[in-house]
Protein chains: 2
Amino acid sequence: MRASFYEGARTFRTGSQPMPVPGPDEALLRVRRVGICGTDLHIFQGHLDHRVPKGGVIGHETFAEVVQAPPGSGVRAGDRVVVEPVTFCGRCRACEMGATYLCYGLKVLGVDLPGGMREYWAVPVARLLKVPDTLGDDQAAMIEPLAVAVHDVRRAQTQPGDTALVLGGGPIGALIAMVARHRGARVVVAEVNPYRVGLLEDLGLETVGPDVDLTRFVQAWTEGNGVDVAYEVTGNPAAARLMTDVVRVWGTISVVAIHAEPVPVNLYQMFARELTMHGSRLYSREDWEEAIRLAASQAVTVAPLVSRKIPLEDLQQGMEHVLAGGAVMKVLVDLTA
Amino acid sequence: MRASFYEGARTFRTGSQPMPVPGPDEALLRVRRVGICGTDLHIFQGHLDHRVPKGGVIGHETFAEVVQAPPGSGVRAGDRVVVEPVTFCGRCRACEMGATYLCYGLKVLGVDLPGGMREYWAVPVARLLKVPDTLGDDQAAMIEPLAVAVHDVRRAQTQPGDTALVLGGGPIGALIAMVARHRGARVVVAEVNPYRVGLLEDLGLETVGPDVDLTRFVQAWTEGNGVDVAYEVTGNPAAARLMTDVVRVWGTISVVAIHAEPVPVNLYQMFARELTMHGSRLYSREDWEEAIRLAASQAVTVAPLVSRKIPLEDLQQGMEHVLAGGAVMKVLVDLTA
């Protein structure tokens, strides 16, 4: 069977691998779609070589069809499933608190352990969630990033009528905006890429572009108060510098993006207006279940975010395409192609 | 009557001022003690010239005796009182939320408006809290910083058995440590000044000095988890750089210190362990009431923190003394001297 192997910075090689043999608690999956995520771009650039081995198989946004599953496992051949790509110890302080996705021994499938960029994959049944038939393959492949967005909005405790500023309108920013809007928030997305701005506006989202002074915009929008929540989804130091200026007294900053290096943050603003900032990383089981509900009910429309599909053989070019920016949003690897 | 006037950076002048005439809702106070605070040091160095006018009277940690009060106001001549040194509009978004001490039009007495560094002061009765006779004058002068510490520990939601690391063992750090200990937390204070370390240990507080690698210390102390809460009370960029490294998954960082400039913060750690960071600035009325209870019951012993008392005429030298560091903790201006 075919698989794509990470061979070091900027290099993927498609090759063959023996068919996986599922363990007693595992299902054998036929992978159909795998999304390319920001973390994958970090891997591609060699930033995560301390976690991803040479020859490793990446991919953690996986939609698949079950080929074979243990009897009585609740999953059967033909089921359409997504994969919650985490393994945890269940015993550490984080797991005890219920933060299994932040386990001190956390391993992410597709990063620390082999992932979904291959035709067949054996995965513990406990890590599978069924997807209704009403959701198309492309939509189902968006459940993982949607679960991230659901988690982010839940942690920020968004209430109806809240104002939310999303800094960065890539796939996660767009999904956060749609989930927050569904929760009743008034949402604006700050984005510089004209293609993405167009796509966001097609989704009915309000945007502000690079020609606008964001702090002034927020002052005018919120009558001088600042927004209730700002989501930092850019990973750009300029956004980290600005995020404390746009939030109201007692407001919330959600750090969703990866900032590889420490960046200047205005702690005086944190102090003076008693802001709360929290990181928001992955998801719990309930976030996945909610993501499936939101996508299936069309409360969040995920399909328009898919800007391109590529065959497995084109993974390296696909990564370069996403890195280059421009007319790109979510790229999916289509394993059925 | 005597008063001390701020004449610009590094200069205070003691002079005379007409006796204040209290308005209909005001009490006339005979000031007895005023503490020198970190904010006062910023004023002294000219950092707050945009808020403090030349010729202004500073001082916001005030203990006084009532000379005259409106009939039926609940306060009478002879009452011993502390002054909650804030004025707020009562109508803005912050006030509506109950964050009157973060009012968008907040004026702090002793910073934006005249304060307590004078013999007599007319203050709105609504801003006074009575202090029991069992509390000595010096102890009563410590109620304001104790209210800050009560507020900080309350916002951090410290629970019995929690581990708390206090970065910086000055007056506020020491008070936070004692309040957190009273709430049942296990507390360690990181402090570099040997005089302060000695004083903290005399109060029964555990300390770590500059010869210890704090991250390793915390790892060993918490069995690799990190502390539940870290309080940043130094205002030092090195502490801001370190604070994200010492907190457990889902743990809390409380930013109490003033960082005048944006400083590098490890947002990756905020993200990876879903930390929460919040600023903690002043206090609500309940924090004051709790501070008076804690001091009066000796649950928190504030008197040992007073390292020197000076007459009003020596305010400038007192400021230089505090700035110089060394054998100094809390300096009080004694208006009865």
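Model, not experiment: these values are computed from the prediction. (Residues numbered from 1 in each chain as written. Chains lettered and ligands numbered in written order. Predicted model: local features only at pLDDT ≥ 70, side-chain atom pairs only at ≥ 80, totals over all residues. Heavy atoms only, no water.)

Novice: What's the story with the overall build of chain A in this structure? I'm lost.
Specialist: Along its length, chain A carries 11 helices and 18 strands. Taking 20 Å as the expected radius of gyration for a compact globule of 337 residues, we find that chain A reaches 20 Å, a close match to that expectation. In chain A, which comprises 337 residues, the share counted as buried stands at 59%. Considering only residue pairs separated by 6 or more positions, chain A has 70% of its internal contacts joining residues 24 or more positions apart. In the structure as shown, chain A presents an accessible area of about 12500 Å², 50% of it carried by carbon and sulfur atoms. Across chain A, 32 positive and 38 negative side-chain charges occur, with their mean positions spaced 3 Å apart. (Helix = DSSP H or I, 4+ residues; strand = E, 2+ residues; numbered from the N terminus. Rg over C-alpha atoms; globule rule 2.2 N^0.38 Å. Buried < 20%, exposed > 50% of the residue type's maximum accessible area, 1.4 Å probe, protein only. Contact = heavy atoms within 4.5 Å. Areas by Shrake-Rupley, 256 points an atom, 1.4 Å probe, with all protein chains shown as cover. Lys, Arg positive; Asp, Glu negative; His and termini not counted. Charge placed at Lys NZ, Arg CZ, Asp CG, Glu CD.)

Novice: Looking at this structure, how should I read the relation of the copies chain B and chain A?
Specialist: Relating one copy of the chain to the other takes a rotation about an axis and a shift parallel to that axis. With an RMSD of 0.0 Å, the fit of chain B onto chain A corresponds to turning through 180° and sliding 0.0 Å along the axis. Such a combination of turn and shift is consistent with a two-fold rotation axis. Across chain B, the rotation axis passes nearest the C-alpha of B:Pro264, at a separation of 2.0 Å. Both copies share a contact surface, since 100% of the interface residues of chain B are interface residues in chain A too. (Least-squares fit on C-alpha atoms with pLDDT ≥ 70 in both.)

Novice: In this structure, what is going on with the packing of helix 4 (residues 143-155) of chain B against helix 5 (residues 171-182) of chain B? I would like to understand it.
Specialist: Residue and element names in this part refer to chain B. Where helix 4 contacts helix 5, the two axes come as close as 8 Å, and the packing angle between them is 55°. Between helix 4 and helix 5, the interaxial angle falls into the category oblique. As helix 4 runs across helix 5, the sense of the crossing is right-handed. Of the residues in helix 5, those touching helix 4 at Pro145, Leu146, Val148, Ala149, Val150, Asp152 and Val153 are Ile172, Leu175, Ile176, Val179 and Ala180. Its residues placed into classes, the contact of helix 4 with helix 5 shows 11 nonpolar, no polar and one charged. (Axes fitted to C-alpha atoms, helices over the stretch in contact; angles between N-to-C directions. Parallel < 35°, antiparallel > 145°, perpendicular 65-115°, else oblique. Left-handed = near helix turned anticlockwise from the far one by under 90°. Nonpolar A, V, L, I, M, F, W, Y, C, P; charged D, E, K, R; others polar.)

Novice: Please clarify how the packing of aromatic side chains should be interpreted in this entry.
Specialist: Each aromatic ring pair is characterised by the separation of its centres together with the angle its planes make. Applying the stated criterion across every chain, the model contains 12 aromatic pairs over all chains. Ring geometry for A:Tyr101 against B:Trp250: centres 6.5 Å apart, planes inclined by 65°, an arrangement best described as edge-to-face. Taken together, the residues A:Tyr101 in the loop between helix 2 (93-97) and strand 7 (107-108) and B:Trp250 in strand 14 (residues 247-255) connect one chain to another. Owing to a relative accessible area of 29%, B:Trp250 belongs among the partly exposed residues under this scheme. Here the aromatic rings of B:Tyr283 and B:Trp288 are separated by 5.0 Å at their centres, their planes lie at 70°, and the arrangement is edge-to-face. (Phe/Tyr/Trp six-rings, centres within 6.5 Å; stacked < 30°, edge-to-face > 60°.)

Novice: Hey, could you run me through the confidence of the model for chain A in this one?
Specialist: Do not read the fine detail of predicted coordinates wherever pLDDT is low. For chain A, the mean per-residue pLDDT works out to 97, and 100% of the residues sit at or above 70. Predicted complex, confidence summary: ipTM 0.96, pTM 0.96. (pLDDT = per-residue confidence, 0-100.)

Novice: Explanation requested: the side chain of B:Thr62 in the structure shown.
Specialist: Along the chain, B:Thr62 turns up in strand 4 (residues 62-68). Discounting residues that sit within four places of it in the chain, B:Thr62 has contacts with B:Val31, B:Arg33, B:Val34, B:Val81, B:Val82, B:Val83, B:Gly116 and B:Trp121.

Novice: Please clarify how the pattern of salt bridges should be interpreted in this entry.
Specialist: Summed over the entire model, instances satisfying the criterion amount to 46 salt bridges over all chains. With its nearest N and O atoms 3.5 Å apart, the salt bridge here joins A:Arg2 to A:Glu119. Taken as a pair, A:Arg2 in strand 1 (residues 2-6) and A:Glu119 in the loop between strand 7 and strand 8 (120-124) lie far apart in primary sequence, 117 residues in all. As a salt-bridge pair, B:Arg93 and A:Asp228 come within 2.9 Å of each other at their nearest N and O atoms. With B:Arg93 in helix 2 (residues 93-97) and A:Asp228 in strand 13 (residues 227-232), the pair connects residues from two separate chains. For B:Arg93, a relative accessible area of 27% corresponds to the partly exposed category. Sharing partners across several salt bridges, the network here consists of A:Arg32, A:Arg33, A:Glu65, A:Arg80, A:Asp137, A:Asp138, A:Lys309 and A:Asp334. (Salt bridge = Lys/Arg side-chain N within 4 Å of Asp/Glu carboxyl O.)

Novice: What is the right way to look at unusual backbone geometry in this model?
Specialist: Glycine aside, the phi torsion of most residues is negative, and most peptide linkages are trans. All names here are of chain B. The backbone of glutamate 223 shows a phi angle near 55°, a positive value even though the residue is not glycine. With relative accessibility at 73%, the residue glutamate 223 sits in the exposed group. One non-glycine residue with positive phi stands out, namely glutamate 274, at about 45°. Counting through the fold element by element, glutamate 274 comes out in the loop between helix 9 (267-272) and strand 16 (276-279).

Novice: Quick question: what am I supposed to make of the domain arrangement of chain A here?
Specialist: Where the parts come together, the accessible area they lose is often given as the size of the interface. Residue and element names in this part refer to chain A. Domain parsing of chain A yields domain 1 (2-142 + 302-334) and domain 2 (149-279). Averaged C-alpha coordinates put domain 1 and domain 2 at centres separated by 28 Å. Contact with domain 1, which involves 13 residues of that partner, is made by 14 residues of domain 2. Here domain 1 and domain 2 share an interface that buries about 1100 Å² over both sides, 73% of which is from carbon and sulfur atoms. For the pair domain 1 and domain 2, the interface holds zero salt bridges. If you look at where domain 1 meets domain 2, you find three residue pairs in polar contact (both at pLDDT 80 or more). Tallied by class, residues from the side of domain 1 that touches domain 2 come to eight nonpolar, four polar and one charged. (Domains from an automatic or database assignment. Buried area = accessible area lost by both parts, 1.4 Å probe. Polar contact = N/O pair within 3.5 Å; in protein donor to acceptor, adjacent residues only side chain to side chain.)

Novice: What am I meant to see in the environment of A:Arg154 here?
Specialist: Residue and element names in this part refer to chain A. As for its placement among the helices and strands, arginine 154 is situated in helix 4 (residues 143-155). What makes arginine 154 partly exposed here is its relative accessible area of 37%. Separated by 25 residues in sequence, arginine 154 and valine 179 have C-alpha atoms that sit 9.4 Å apart.

Novice: Just to check I follow, could you spell out the interface of chain B and chain A for this structure?
Specialist: Counting from both sides, the interface comprises 45 residues of chain B and, opposite them, 45 residues of chain A. Approximately 3900 Å² of surface area, both sides summed, lies buried where chain B meets chain A, with 62% of it carried by carbon and sulfur atoms. It is B:Leu267, B:Phe271 and B:Glu274 in chain B that bury the most area against chain A; as a group they hold 18% of the surface buried on that side. Counting across the interface, chain B meets chain A through 22 residue pairs in polar contact (both at pLDDT 80 or more). Among the elements that take part in the side of chain B that touches chain A, helix 9 of chain B stands out by supplying five residues, more than any other. Split into classes, the residues belonging to the side of chain B that touches chain A amount to 26 nonpolar, 10 polar and nine charged. When strand 16 (residues 276-279) of chain A meets strand 16 of chain B, the two strands line up antiparallel, connected through three bridges. (Pairing = 2+ DSSP bridges.)

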